[in-house]
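If you want the building blocks of each chain, they are given just below.
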Amino acid sequence: MSPTTDCNPKVEIPSGPAERLAAQLSSMLPEAAVVQVRLQGPRTLWPHLGLTAVNARGRTLRIPRAKALTIARWIIRSFPQAGWAASGGHAFDLRTAELRGLEA
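Residues numbered from 1 in each chain as written. Predicted model: local features only at pLDDT ≥ 70, side-chain atom pairs only at ≥ 80, totals over all residues. Heavy atoms only, no water.

Novice: Before we move on, can you summarise the side chain of H90 with the specific residues and values?
Specialist: Note on placement: H90 falls in strand β4 (residues 90-93). Accessibility expressed as a relative area gives 8% for H90, which makes it buried. Excluding residues that lie within four positions of it along the chain, H90 makes contacts with V35, Q36, V37, A82, G83, W84, L99, R100, G101 and L102. (Helix = DSSP H or I, 4+ residues; strand = E, 2+ residues; numbered from the N terminus. Buried < 20%, exposed > 50% of the residue type's maximum accessible area, 1.4 Å probe, protein only. Contact = heavy atoms within 4.5 Å.)

Novice: Can you break down the sheet that holds strand β1 (residues 34-39) residue by residue, with the values?
Specialist: Taking strand neighbours across the sheet as the criterion, the 5 strands line up as β3-β2-β1-β4-β5 in an open arrangement whose pairing is antiparallel. Each having just a single partner strand, β3 (60-61) and β5 (98-101) make up the two edges of the open sheet. Where β4 lies against β5, 4 bridges are found, and the strand directions are antiparallel. Counterpart to F92 in the pairing with β5 is L99. (Pairing = 2+ DSSP bridges.)

Novice: Before we move on, could you go through helix α1 (residues 17-28) and cite the residues and values that matter?
Specialist: Over its 12 residues, α1 runs 17 Å from end to end, which matches the ideal 16 Å to within 8%, given 1.5 Å per residue. All buried positions along α1 are accounted for by A18, L21, A22 and L25. Take α1 and look down its axis: the buried residues cluster within an arc of 100 degrees, on one side only. If you follow the buried residues of α1, they end up packed against α2 (65-78) and β4. (Expected span 1.5 Å × (residues − 1). Arc of directions from axis to C-beta.)

Novice: Describe the packing of aromatic side chains, naming the residues involved and giving the relevant values.
Specialist: Considering all chains together, one arrives at 1 aromatic pair under this definition. Pairing F79 with F92 gives two aromatic rings, centres 5.5 Å apart and planes at 55 degrees, and the pair type is tilted. Taken together, the positions of F79 in the loop between α2 and β4 and F92 in strand β4 put the pair 13 residues apart, joining distant regions of the chain. Judged on exposure class, the residue F79 and its partner F92 are both buried. (Phe/Tyr/Trp six-rings, centres within 6.5 Å; stacked < 30°, edge-to-face > 60°.)

Novice: Outline the pairing of β4, supporting the account with residue identities and numerical values.
Specialist: Residues H90 and F92 of β4 are buried on one face, and the alternating residues A91 and D93, pointing to the opposite face, are buried as well. As defined by bridge partners, β1 adjoins β4 across 4 bridges and the pair is classed as antiparallel. Note that in β4 the partner of Q36 across the bridge is A91. Hairpin connection of β4 to β5: 4 residues between the antiparallel strands, including A97 at a positive phi of 60 degrees.

By themselves, these are just geometric observations and shouldn't be taken as functional.
What follows is the structure, encoded as structure tokens:
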């Protein structure tokens with residue numbers, strides 16, 4: 001056994017798609033803890049996406065529109081089974097990589 005075995009610990013690589021998405025979004029939005037996605041338009045879903053990023057203290061973060069739309073699309077396409085059209089939106093927790101429904 002080499003004395004340098006423990007010098008370079010292995011970096012944990014996220015295993016599932018939700019964990020990988022959470023890791024990628026955490027690097028894009030370093031201050032965000034939760035990302036909320038809503039489909040605001042009842043007739044035309046894709047052009048009316050709404051995204052809100054919230055930090056750990058509950059404060060809303062400013063995100064440029066193009067970045068917000070891109071992130072919202074990534075989340076919706078990563079969780080197609082979530083029933084986006086029938087719900088009021090979902091919150092994706094970047095710390096736990098869990099998707100949950102938004103309370104009205």
